[in-house]
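Examining the three-dimensional arrangement
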Amino acid sequence: MSPTGEELHVDVEGRTLKISNLGKVLFPATGTTKGEVLNYYARIAPVLLPHLKDRAVTRIRWPHGVQDKSFFEKNAPAGTPSWVRTAKVPTTGSRGPSRNGDTLVFPIVDDLATLTWLVNLAALELHVHQWTVGRNGRPRNADRLVIDLDPGDPAGLHECCQVALLVREALHARDLETKPVTSGSKGLHLYADLPGRMPSDDSTALAKEVAEALQQAHPKDVTATMTKAKRSGKVFLDWSQNAGSKTTISPYSLRGRERPYVATPVTWAEVEAGAEDPLGLEQFRFDEVLDRVEEHGDLFA
């Protein structure tokens, strides 16, 4: 560990990076330092990078730790190394609000050096779209669908697990098999690989159809309405994250919460246990995730 402020030059897969402030505490509640965060991302990279591959990455950065202000960053920042792969994405139409035909220049995180460079900038959260970038550098159609299960107090992860089983059944009826991921915050994310690429408008409509059908069938437990006032005690099925401009936290990304929780792939047996027992499933810390991957491999693969 270097003292706060000391700058180190490290070799990462042939790239020389300047790493600084390894001793800076980014998670005060647990004393977790920037050095520990960099270590986590380096160790989790073999299972994280395949899920970032070819996806434009939006970052949330906490330069002074999670107790302080954060900011979203989509464009590659000033000083981006020339070797970092980027993609120009139009901000018009379904890919975001119009800015007179402007484009966003996203970094593509497909190697450990790029990942380390971003994490050194205190990019704790890595968010990605449900579409990938093609060889021509242009966005392709969506290759997966996601539904974000967001509980409204006093509902929590227990209720999300119960509703997740309903979503799994509804998607299975549409020949889509789902993979559960704890959000690292309060809820669950359910992913389904699409059999063929689908325009984002179509995948959004499909997710909305599933959410609204479950709301109609289980009105006391499920809502497909974004209005927060209508979520109390229910699980909101956020179908909107399939829109071309929207992103979801990547599996294995840290969250900028009080403690260093991670969006963690889990088994359906774990979700079923969480549906039975209010304490049957909890959010996982980064050290627990490293142990899980060592034991189980990549459950999201």
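Residues numbered from 1 in each chain as written. Predicted model: local features only at pLDDT ≥ 70, side-chain atom pairs only at ≥ 80, totals over all residues. Heavy atoms only, no water.

**As for the packing of aromatic side chains**
The geometry of an aromatic ring pair comes down to the distance between the two centres and the angle between the two planes. Cut-off, in case you're wondering: Two aromatic rings from Phe, Tyr or Trp, using only the six-membered ring of Trp, form a pair when their centres are within 6.5 Å; if the ring planes differ by under 30 degrees the pair is stacked, by over 60 it is edge-to-face, and anything between is tilted. Buried residues are those whose accessible area, probed at 1.4 Å on protein chains only, stays under 20% of the maximum for their type, while exposed residues exceed 50% and partly exposed ones sit between those limits.
This model, assessed by the stated rule, comprises three aromatic pairs. Between the aromatic rings of Tyr-40 and Tyr-41, the centroid separation amounts to 5.3 Å while the plane-to-plane angle is 65°, which identifies the pairing as edge-to-face. Looking at Tyr-41, the relative accessible area reads 1%, which means it is buried.

**What about a positive patch on the surface?**
Our working rule: In this scheme, patches are assembled from residues that exceed 30% relative accessible area and form no salt bridge. Like charges are connected within 9 Å, while nonpolar side chains (Val, Leu, Ile, Met, Phe, Trp, Tyr) are connected within 5 Å. Accessibility throughout is a Shrake-Rupley quantity obtained with a 1.4 Å probe, and a residue counts as covered only by protein chains that appear here. Put simply, a salt bridge is a Lys or Arg side-chain nitrogen that is within 4 Å of an Asp or Glu carboxyl oxygen. Charge assignment: positive for Lys and Arg, negative for Asp and Glu; neither His nor the chain ends contribute. Charge coordinates come from a single atom per side chain, which is NZ of Lys, CZ of Arg, CG of Asp or CD of Glu. Under the scheme used here, helices are H or I runs from DSSP no shorter than 4 residues and strands are E runs no shorter than 2 residues, and both carry numbers assigned from the N terminus.
Residues Lys-53, Arg-135, Arg-140 and Arg-197 make up a contiguous surface patch of positive charge. Relative to the helices and strands, Arg-135 resides in the loop between β10 (131-133) and β11 (139-151). Note on Arg-135: relative accessible area 92%, which makes it exposed.

**Details of helix α1 (residues 34-52)**
Our working definition: Multiplying 1.5 Å by the helix residue count minus one yields the expected span of that helix.
The first and last C-alpha atoms of α1 sit only 21 Å apart over 19 residues, clearly below the 27 Å expected at 1.5 Å per residue. Two residues or fewer after α1 comes Asp-54, characterised by a positive phi angle close to 65°.

**Topic: the layout of surface pockets**
Our working definition: We place a 1 Å grid over just the protein atoms. Points where a 1.4 Å probe fits but has no way out form a cavity, open points with protein on both sides within 12 Å along at least 5 of 7 lines form a pocket, and any residue with an atom within 4 Å of a point lines it. Grid points are joined across faces, edges and corners, and a volume is the space filled by probe spheres set on the points. Gly is placed with the polar residues, together with every amino acid not listed as nonpolar (Ala, Val, Leu, Ile, Met, Phe, Trp, Tyr, Cys and Pro) or charged (Asp, Glu, Lys and Arg).
Of the volumes computed, that of the largest pocket is approximately 570 Å³. Taken together, 26 residues make up the lining of the largest pocket; nearest its centre are Asp-148, Asp-150, Asp-238, Gln-241 and Arg-255. Where the lining of the largest pocket is concerned, the elements lending two or more residues are β9 (123-128), β11 and β16 (248-249). Taken together, the residues of the lining of the largest pocket sort by class into five nonpolar, 10 polar and 11 charged. Reported here for the second largest pocket is a volume of approximately 240 Å³. Looking at the second largest pocket, it is lined by 18 residues, and the ones nearest its centre are Lys-18, Ser-20, Lys-34, Asn-120 and Leu-121. Breaking the lining of the second largest pocket down by element, the ones donating at least two residues are β2 (15-20) and α2 (112-120). By residue number, the principal contributor to the lining of the second largest pocket is β2, which donates five residues. Class assignment for the residues of the lining of the second largest pocket results in nine nonpolar, five polar and four charged.

**Comments concerning the side chain of Thr-58**
The criterion, for reference: By the convention used here, residues are in contact when the closest approach between their heavy atoms is within 4.5 Å.
Inspection of the secondary structure puts Thr-58 in strand β5 (residues 57-61). Among residues more than four places away in sequence, those in contact with Thr-58 are Phe-72, Glu-73, Lys-74, Phe-106, Glu-125, Leu-126, His-127 and Thr-247.

**Quick word on the nonpolar core**
Nonpolar side chains in soluble globular proteins tend to be buried together. The criterion, for reference: The nonpolar core is taken to be a set of buried Ala, Val, Leu, Ile, Met, Phe, Trp, Tyr and Cys residues, with the residues joined through side-chain atoms within 4.5 Å.
Of all hydrophobic cores here, the largest spans 72 residues; its most connected members are Tyr-40, Tyr-41, Ile-44, Leu-115, Leu-149 and Leu-237. Broken down by element, this core gets its largest block of residues, 10 residues, from α1. Not counting residues within four places of it along the chain, the set of residues in contact with Ile-44 comprises Tyr-252, Val-289, Leu-290 and Val-293. Core analysis: the next-biggest nonpolar cluster, separate from the first, contains eight residues, Val-89, Leu-104, Phe-106 and Trp-131 among them.

**A few points about empty space enclosed by the protein**
Using the criterion set out here, one finds one cavity of 30 Å³ or more in the structure. The greatest single-element share of the lining of the largest cavity, amounting to three residues, is contributed by helix α6 (residues 286-296). Looking at side-chain class alone, the lining of the largest cavity contains four nonpolar, three polar and one charged residues.

**Focus on a negative patch on the surface**
On the surface, Glu-282, Glu-288, Asp-291, Glu-294 and Glu-295 cluster together to form a negatively charged patch. The residue Glu-294 is located in helix α6 in this model.

**Section: the packing of α1 against α2**
Put simply, the rule reads: To obtain each axis, a line is fitted to C-alpha atoms, and for helices this fit is confined to the stretch in contact; angles are then taken between N-to-C directions over 0 to 180 degrees. These descriptions rest on fixed angle ranges, namely under 35 degrees for roughly parallel, over 145 for roughly antiparallel, 65 to 115 for roughly perpendicular, and the rest for oblique. Crossings are classed by handedness, with left-handed meaning an anticlockwise turn of the near helix from the far one by less than a right angle and right-handed meaning a clockwise turn.
At their nearest, the axes of α1 and α2 sit 10 Å apart, and the two run at 150° to each other. It follows that α1 is roughly antiparallel to α2 by the angle criterion. Both α1 and α2 take part in a crossing whose hand is right-handed. Contact residues: Lys-34, Val-37, Leu-38, Tyr-41, Ala-42, Ala-45, Leu-48 and Leu-49 in α1; Leu-112, Leu-115, Thr-116, Val-119 and Asn-120 in α2. A breakdown of the residues in the contact of α1 with α2 according to their chemical character gives 10 nonpolar, two polar and one charged.

**Some points on the side chain of Thr-114**
Mapped onto the elements, Thr-114 comes out in helix α2. Assessed through its relative accessible area of 0%, Thr-114 is described here as buried. Those residues in contact with Thr-114 that lie beyond four places of it in its chain are Trp-83, Val-84, Ile-108 and Val-109.

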